[in-house]
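One-letter residues, chain by chain:
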Amino acid sequence: MRRLFTALVSLGFTILAMLICIYLYMYIRLPDVKTLKNAQFEVPLRIYSADGKLIGEFGEQRRKPITIDQVPKELVWAILATEDQRYFEHPGVDLIGLVRAAIAVVSTGHKSQGASTITMQVARNFFLSSEKTYGRKINEILLAIKIETTFSKRKILELYLNKVYLGHRAYGVAAASELYYGKPLDQLTLAQLAMIAGLPQAPSRDNPISNPKAARDRRNHVLERMYENGHVSKADYKKALNEPMTAEYHDHDQALSLEAPYVAEMVRAAVVDVYGKEAYGSGLKVYTTINSKMQQAANDAMYNGLMGYERRHGYNGALENWGPHRGKNWDKWLDQLEDLEGYQDLVPSVITEVASQSATALLATGDLVTIPWAGLSWARPNIDDEYVGKLPNSASEVVKPGDVVYIRHTGKFWELTQLPEVEGAMVAMNPKNGAILSLIGGFSHHRSNFNRATQAERQPGSSFKPFVYSAALAHGYTLASIINDAPLVFHDKNSEDELWRPQNDNQKFYGPMRLRAALTKSRNLVSIRILNAMGLKYAINYLHRFGFTDSQLPRSLTLALGAGSVTPLQLASGYSTFANGGYRIKPYFIDRIERDNGELVYKENPVTVCEDCISDEETTETTEKSNDKTGPLPAPRVITPQNAYLITSVLQDVITQGTARRAVALNRGDIAGKTGTTNDQFDAWFAGFNQEVVATVWVGYDQPRSLHEFGAQLALPIWMDFMQVALGGKPDLKWEQPPGITTVRIDPKTGLLAYPGQPNAIFEKFLEENAPTEQASISQATNTASESNTEQEPEHLF
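Chemist: Explanation requested: the overall build of the chain in the structure shown.
Modeler: Secondary structure assignment for the chain yields 23 helices and 27 strands. Burial analysis of the chain (798 residues in total) assigns 51% to the buried set. Counting contacts in the chain only where the partners sit at least 6 residues apart, residues at least 24 apart contribute 68% of the total. As presented, the chain carries roughly 38,000 Å² of accessible surface, and 51% of it is formed by carbon and sulfur atoms.

What follows is the structure, given as structure tokens:
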């Protein structure tokens, strides 16, 4: 008996020793839980405007890490009531729960209740796989004990609340709050917090979007447990039980503070190009150069401009017709409406009934709304873009039952509208350092992600002429040089009759005129004559200074009329050289990149026009050598300050007395710019600036066809609406005249010095070395040249 007892004791010690060895072996092999101190959550790439407004988010997991102090106490109580009621009492493993779960397995033969504590879930989520094995469970228990001896209960709870999966790619309670309710945790009701707290156990089964009934039952169970534990009053409990389910899917676009999808995509592509796919989950925060006020102004201006154009050119008709509908069961139509996408305030709908001067439309929400005559009477039929029909007299002339149409609410009533077929792009930038302040690449990024601001090379038309005239001034011309605005005929092998007969837009010719007047009035024949006299080789080499490449510049005289190809961004960059006094800057859109903890990982150091870093002698080569230095990089000078000043003074005249006279309404003396319209009105442009902002607007069709409007009618008003906000509240900035410029009183007909007492003399600016010295005679000054016409014998240039 004694031997048996000794053997049993020995066996017991042996088993205990083995268990201790196994425990120590497994414990030592456990991961180092101290790494949780600096746990890196998979946080999406987030993109912000310069003033911190969210404009984009990219990543597989939606997560927004928060501290335990930012979590409402009601949510903590709700989580603990259902996930781990004895959380603050156990050492990481709930022995009572384990025993109860074991008994349930023995009695029923299968697992009917969980035994994992919040600490064990943290261990599993951070260190272990999801496979269900006893080995993994033992590791989970050991890790939980180790975590509890290393961290406080509050820290462990914080880790859990940031890591737990809550459905629809939402990880963590903060992300779930924004996904299901579109607002932060501190704005949720008790019932909404309880709904989130009920998700960890089965985020798919109890999901409020995919299974509202199950989610409601689970929410109510959470509330009941909170009430039983004394965490909520009876009144609050009853109120929360009766609160309707309000969860709905809020995608990341709805959580954005600022609409700038084309910029967001530019940033995403640039960041991923450098950091690879890890950028999607490493919590990088990218701060762009985008000014939120200007971006919103650009959004509004472009939207109103394109919608206004579509309305001026009549109603294109319904998207399609779903045929007549019988009865009041709209289920089929509602399903079809769900598949149609809305755009900003444009709402897809289907016409259900048409009265004499009103119509009823069904929305995807199931609501029936009335479109009164005030919302239908504008809809003259679009015949062929150029012509529109007569105003309708009844609603049946506009819509019929089954028509699928877009409508929008004006604030007073619903009105019929339509998606624009025309597209547009806009870029605004700081001319002193190239920072992009706002950018729009099209009417809707959802409809087309093609970025027309940076990718669409279109003919710039007359908006390109200032670069040609700048070359002319550098070649020795003055703003008072006289060039004949008269017909020309060129030999052109690309034409069917091998002759090219360029025209002015109004088919009229005005005879000899000064360069300033020719650019102000955008006279095509003068531009061609200037380019022909300078020579294509000289002109193209000069145009390289503005960043244009050989492939964009045709080696023909059509170059004078803007027959090359540029993007809106390139045109804005070129105009920046005039705005900043002659320097070439490089556009950029990323200001800095930070990690989620605020650590700076990248800061842009753009080439800059500034007194501290620039001198007239600096060139592109010196700029490249300065890239490894701290401080502002000097922008290279590419044209003289006198040249930039003289061209700018003419472009100011374009505003006050030329093709952009409409912009006088801005009541500013510091703006300058140029309209542009291509052949057959395929493209409409306006590029304009002051010393702080350069903005370019393009409007056209992706598949070119006539707009039947000029740049002054279509692009200029968009630019004006934008600049009204961009320059709002800012004083006029005086254009400082550089040294070497002199102002001379001249005869407007000859460009020579005015004779003493000449009544129609004008003042003109010249380079001092190019100022006229010869005086016009009275006979020259009083000789009246009659307006030419298209029947005048053209000059042949071969």
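Still more to cover.
Chemist: Would you mind showing me how to read helix H21 (residues 641-657) here?
Modeler: Side chains that are three or four residues apart share a direction in an α-helix, a result of its 3.6 residues per turn. Taking 1.5 Å per residue, 17 residues should reach 24 Å; H21 reaches 24 Å between its end C-alpha atoms and fits that length. Burial of H21 is extensive: 14 of the 17 residues sit out of reach of the surface.

Chemist: What is the right way to read the environment of Thr558 from this model?
Modeler: With respect to the secondary-structure elements, Thr558 resides in the loop between helix H18 (536-543) and helix H19 (568-579). The partly exposed category is assigned to Thr558, whose relative accessible area is 24%. Distance in space between the C-alpha atoms of Thr558 and Trp500 is 9.8 Å, their sequence separation being 58 residues. Here Thr558 is in contact with Trp500 and Ala563, once residues within four sequence places are set aside.

Chemist: I keep staring at the packing of helix H9 (residues 212-228) against helix H10 (residues 234-241) and nothing clicks. Help me out?
Modeler: Any two packed helices are characterised by the angle at which their axes cross and by the distance between the axes. Look at H9 against H10: their axes get within 10 Å of each other, and the N-to-C directions meet at 180°. Taken together, the axes of H9 and H10 are roughly antiparallel relative to one another. Mapping the contact onto sequence places Arg216, Arg219, Asn220, Leu223, Glu224 and Tyr227 in H9 and Lys234, Tyr237, Ala240 and Leu241 in H10. In the contact of H9 with H10, the residues fall into five nonpolar, one polar and four charged.

Chemist: Would you take a moment to explain the pattern of salt bridges for this structure?
Modeler: Pairing between side chains of opposite charge can happen when their charged atoms approach one another. The final tally for this structure, using the stated rule, is 32 salt bridges. A salt bridge links Arg516 to Glu764, with the nearest nitrogen and oxygen atoms 2.7 Å apart. Here Arg516, found in helix H16 (residues 515-520), pairs with Glu764, found in strand S26 (residues 762-767); they are 248 residues apart in sequence, far enough to count as distant. Neither residue differs from the other here; Arg516 and Glu764 are each classed as buried.

Chemist: Whenever I open this one, the environment of Ser233 confuses me. Can you help?
Modeler: Residue placement: Ser233 occurs in the loop between H9 and H10. Exposure remark for Ser233: the relative accessible area of 36% places this residue in the partly exposed category. Of the polar contacts made by the side chain of Ser233, one reaches the backbone nitrogen of Asp236; its length is 3.2 Å.

Chemist: I'm lost on the sheet that holds strand S24 (residues 694-700) in this one. Help?
Modeler: Backbone-to-backbone hydrogen bonds join strands into a sheet, with any given pair of strands oriented parallel or antiparallel. Taken in spatial order, the five strands make up an open sheet running S13-S12-S24-S23-S22, and their pairing is antiparallel. Every other strand in the sheet has two partners, leaving strand S13 (436-440) and strand S22 (672-677) as the edge strands with one partner each. Averaged over all pairs of adjacent strands, the angle between their axes in this sheet comes to 5°, without regard to strand direction. Bridging between S22 and strand S23 (residues 683-689) involves six bridges; their strand directions are antiparallel.

Chemist: Would you mind going over the environment of Asp69 with me for this structure?
Modeler: In this fold, Asp69 is placed in the loop between strand S3 (62-63) and helix H2 (73-83). In sequence terms Asp69 and Arg154 are 85 residues apart; their C-alpha atoms lie 9.2 Å from each other. In terms of polar contacts, Asp69 uses its side chain to reach the side chain of Arg154, at 2.5 Å.

Chemist: So what exactly am I meant to see when it comes to the confidence of the model for the chain here?
Modeler: Detail in the predicted coordinates should be disregarded across regions flagged by low pLDDT. Summary statistics for the chain give a mean pLDDT of 88 and a share of 86% for residues scoring 70 or more. Under a pLDDT of 50 for its full length, residues 785-791 has, in the predicted model, ten contacts with residues more than four places off or in other chains.

Chemist: So what exactly am I meant to see when it comes to helix H6 (residues 153-163) here?
Modeler: Extensive coverage of H6 is indicated by the burial of eight of its eleven residues. By the burial criterion, the buried members of H6 are Lys153, Ile156, Leu157, Glu158, Leu159, Tyr160, Leu161 and Asn162.

Chemist: How should I be thinking about the sheet that holds strand S18 (residues 590-594) in this particular structure?
Modeler: The sheet built from five strands is open, its strands ordered S2-S1-S5-S18-S19 with mixed pairing. The open sheet is flanked by strand S2 (54-58) and strand S19 (600-603), the only strands paired with a single partner. Here the average twist between neighbouring strands, direction ignored, is 15°. As paired strands, S18 and S19 are joined by three bridges and run antiparallel to one another. Bridge pairing in S19 links Arg592 to Lys603. The strands that helix H12 (residues 261-275) touches are strand S1 (45-48), S2, strand S5 (285-288), S18 and S19; relative to S2, the one it contacts most, it runs at about 45°.

Chemist: Got a minute to help me understand the side chain of Ser438 in this structure?
Modeler: Secondary-structure assignment places Ser438 in strand S13. Here Ser438 falls in the buried class, since its relative accessible area comes to 0%. Non-local contacts of Ser438, meaning those with residues more than four positions away in its chain, are made with Ile290, Met294, Gln295, Ala298, Met426, Val427, Ala428 and Phe722.

Calculation notes
- Residues numbered from 1 in each chain as written.
- Predicted model: local features only at pLDDT ≥ 70, side-chain atom pairs only at ≥ 80, totals over all residues.
- Heavy atoms only, no water.
- Helix = DSSP H or I, 4+ residues; strand = E, 2+ residues; numbered from the N terminus.
- Buried < 20%, exposed > 50% of the residue type's maximum accessible area, 1.4 Å probe, protein only.
- Contact = heavy atoms within 4.5 Å.
- Areas by Shrake-Rupley, 256 points an atom, 1.4 Å probe, with all protein chains shown as cover.
- Expected span 1.5 Å × (residues − 1).
- Axes fitted to C-alpha atoms, helices over the stretch in contact; angles between N-to-C directions.
- Parallel < 35°, antiparallel > 145°, perpendicular 65-115°, else oblique.
- Nonpolar A, V, L, I, M, F, W, Y, C, P; charged D, E, K, R; others polar.
- Salt bridge = Lys/Arg side-chain N within 4 Å of Asp/Glu carboxyl O.
- Polar contact = N/O pair within 3.5 Å; in protein donor to acceptor, adjacent residues only side chain to side chain.
- Pairing = 2+ DSSP bridges.
- pLDDT = per-residue confidence, 0-100.

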